[in-house]
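If you want the building blocks of each chain, they are given just below.
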Amino acid sequence: MFKKTVIAATLAVASVPLTQAQAADYTIDTEGQHAFVQFKISHLGYSYILGSFENFSGDFSYDPEDLDATSVNVEVDVASLNSNHAERDKHILSDDFLDAGEYPTATFASTGFESNGDDEGVLTGDLTLHGETVEIEMPVTLVGEGEDPWGGYRAGFEGSTMLTLADFGIDMGDFPEMMHELELYVTFEGVRQ
Amino acid sequence: MWRNTRSGWGLVSIALHWLSALAIVGLFALGWWMTDLGYYDEWYNLAPWWHRSVGVLLLVATLLRVIWRLMLPAPVARGPRLERIAAHIGHIGLYVLMLVALVSGYLISTADGRGIDVFGWFQAPAFISDLPNQATLAGTIHWYSALALIILAGGHTLAALKHHLVDRNDVLLRMIDPTRSRRG
């Protein structure tokens, strides 16, 4: 009994540094802001409105040897939306659309990842926006990874997906059909911890 | 005639008072109406343009008005002591709410650093921008201060009518007739 416990404890202690080395945990580089959460939505079918969320944070696990274990968590400060026009931002953040007063945070928590090989895959996860949680799929690409010039190790990705706003309880009924959905584009670099 | 005296308001103050009254009621009604306009309404962009333009002009007029008010004497207050104190507090409240409503409105439109076009005549520059969540916070302050201003202005109107109809004194008349400022 005692022997078993010792062996188990030794194994547990020995495995700690090992798992830490293997579980490649990254923090999204919001400090150097090599990270962007942007959206693109039609304006009346004549052009596009582009905007981004300026404040967010997140982390991810990425191990090229164990891609099934890939996971991502991002938390976005909705009120940090910027579309280069304060009055429009105010309108988008009002209860006509995102209702940032009531729902100040949007989150994404991945639930699965399927690799397609060639540094590509599809991330599945729960996106919570406007108080509604919807499972979405986002095709993602590894842009690159490697050592940075400052002694760290980085991996960076991009991905985009179309969101139907009605799924999130956002009523776009007053607007033409092509404004009922938007493209969410995310790209970020993580610094390995 | 132009200047305020202890016996009455001069023409400058009278004109600023009634133009402000007209603009404030107009801006409140316009603001109430325009914020419910649909995206496809032909007034969707035009109504805010009017609202902003009149608002900037009223802000400038109000700043001048406060300076003019502080520079010159005001006509003597009428009524019992408590009423005079209440009137004084009410008037300060009106000035404060006017300035808060006007400045907060200005801060909505200038939150990203762009100026405000005033009737196509000139651009009111943006002095303060990029505060966290500026447009939304300023918008909330704008709405509540405007609502409070309209309610207080309603009380101001009732008080003026009381002076005229119940007390039968010259408080309302001297805000209409500038020649009363010349009577000693």
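Residues numbered from 1 in each chain as written. Chains lettered and ligands numbered in written order. Predicted model: local features only at pLDDT ≥ 70, side-chain atom pairs only at ≥ 80, totals over all residues. Heavy atoms only, no water.

Looking at an unreviewed UniProt entry, one finds chain B named Cytochrome b561 and attributed to Halomonas korlensis. You can read under Sequence similarities (unreviewed entry) in the UniProt record for chain B the words "Belongs to the cytochrome b561 family." Regarding chain B, the relevant UniProt record gives this comment under Subcellular location (unreviewed entry): "Cell membrane". (UniProt positions renumbered as here; feature names shortened; annotations may be inferred.)

Chain A appears in an unreviewed UniProt entry as Polyisoprenoid-binding protein YceI from Halomonas korlensis.

S.K.: Just to check I follow, could you spell out the overall build of chain A for this structure?
M.R.: Check the secondary structure of chain A and you find two helices and 11 strands. Going from N to C terminus, chain A has its helices and strands arranged as α-β-β-β-β-β-β-α-β-β-β-β-β. Evaluated residue by residue, chain A yields a buried proportion of 39% over its 193 residues. Look at the contacts in chain A between residues 6 or more apart in sequence, and 52% of them connect residues 24 or more apart. Accessible surface computed for chain A: about 11,100 Å², of which carbon and sulfur atoms make up 51%. (Helix = DSSP H or I, 4+ residues; strand = E, 2+ residues; numbered from the N terminus. Buried < 20%, exposed > 50% of the residue type's maximum accessible area, 1.4 Å probe, protein only. Contact = heavy atoms within 4.5 Å. Areas by Shrake-Rupley, 256 points an atom, 1.4 Å probe, with all protein chains shown as cover.)

S.K.: What exactly am I supposed to notice about the overall build of chain B here?
M.R.: What chain B contains, in helices and strands, is four helices and two strands. Helices and strands appear in chain B in the N-to-C order α-α-α-β-β-α. Along the first, second and third principal axes, the C-alpha set of chain B runs to 55 × 30 × 30 Å. Residue pairs at least 24 apart in sequence account for 70% of intrachain contacts in chain B once pairs closer than 6 positions are excluded. Here chain B has roughly 10,900 Å² of accessible surface; of this, 71% comes from carbon and sulfur atoms. Charge-centre separation for chain B: the mean point of 15 positive side chains lies 19 Å from the mean point of 10 negative side chains. (Lys, Arg positive; Asp, Glu negative; His and termini not counted. Charge placed at Lys NZ, Arg CZ, Asp CG, Glu CD.)

S.K.: Is there a simple way to explain the nonpolar core in this structure?
M.R.: Note on soluble globular proteins: their nonpolar side chains tend to be buried together. The biggest cluster of nonpolar side chains holds 47 residues, and the ones touching the most others in it are F53(A), F60(A), L98(A), F168(A), M172(A) and F188(A). For this core, the leading source of residues is strand β9 (residues 132-147) of chain A, giving five residues. With sequence-adjacent residues up to four places away left out, F188(A) is seen in contact with I28(A), H34(A), A35(A), F60(A), V72(A), A155(A), G156(A) and F157(A). Of all hydrophobic cores here, the second largest spans 22 residues; its members include A23(B), L94(B), M98(B) and A111(B). (Core = buried A, V, L, I, M, F, W, Y, C linked by side-chain atoms within 4.5 Å.)

S.K.: How should I be thinking about a nonpolar patch on the surface in this particular structure?
M.R.: Residue and element names in this part refer to chain B. A contiguous nonpolar patch, built from W33, W43, L46 and W50 and spanning about 410 Å² of accessible area, is present on the exposed surface. By the element assignment, W50 lies in helix α2 (residues 46-71). W50 sits in the partly exposed class, given a relative accessible area of 40%. (Patch = residues over 30% accessible without salt bridge, like charges linked within 9 Å, V, L, I, M, F, W, Y side chains within 5 Å. Salt bridge = Lys/Arg side-chain N within 4 Å of Asp/Glu carboxyl O.)

S.K.: I'm lost on the UniProt feature "transmembrane region" (unreviewed entry) in chain B in this one. Help?
M.R.: Residues and elements named next belong to chain B. Under the present numbering, the feature "transmembrane region" (unreviewed entry) in UniProt falls on residues 12-34, 49-68, 89-108 and 141-161. The annotated region residues 89-108 carries 100% helix and 0% strand content, and the separation between its end C-alpha atoms amounts to 28 Å. Across residues 141-161, helical content stands at 100% and strand content at 0%; the span's end C-alpha atoms are separated by 30 Å.

S.K.: Sorry if this is basic, but what is going on with the UniProt feature "domain: Lipid/polyisoprenoid-binding YceI-like" (unreviewed entry) in chain A here?
M.R.: Feature annotation in UniProt places "domain: Lipid/polyisoprenoid-binding YceI-like" (unreviewed entry) on residues 25-191 of chain A, given in this structure's numbering. With 5% helix and 58% strand, residues 25-191 of chain A has end C-alpha atoms that lie 8 Å from one another.

S.K.: Got a minute to help me understand the environment of G144(A) in this structure?
M.R.: Residues and elements named next belong to chain A. Note that G144 resides in strand β9. G144 gets classed as partly exposed once you look at its relative accessible area, which sits at 31%. Taking the C-alpha atoms as reference points, G144 and S57, separated by 87 residues in sequence, lie 20 Å from one another. Dropping the residues within four chain positions of it, G144 is found in contact with R154, A155 and G156.

S.K.: What is the right way to look at the environment of V76(B) in this model?
M.R.: Residue and element names in this part refer to chain B. Considering the arrangement of structural elements, one finds V76 in the loop between α2 and α3 (81-109). Separated by 70 residues in sequence, V76 and R6 place their C-alpha atoms 5.5 Å apart. Not counting the four nearest positions on each side in its chain, V76 is found in contact with R6 and R174.

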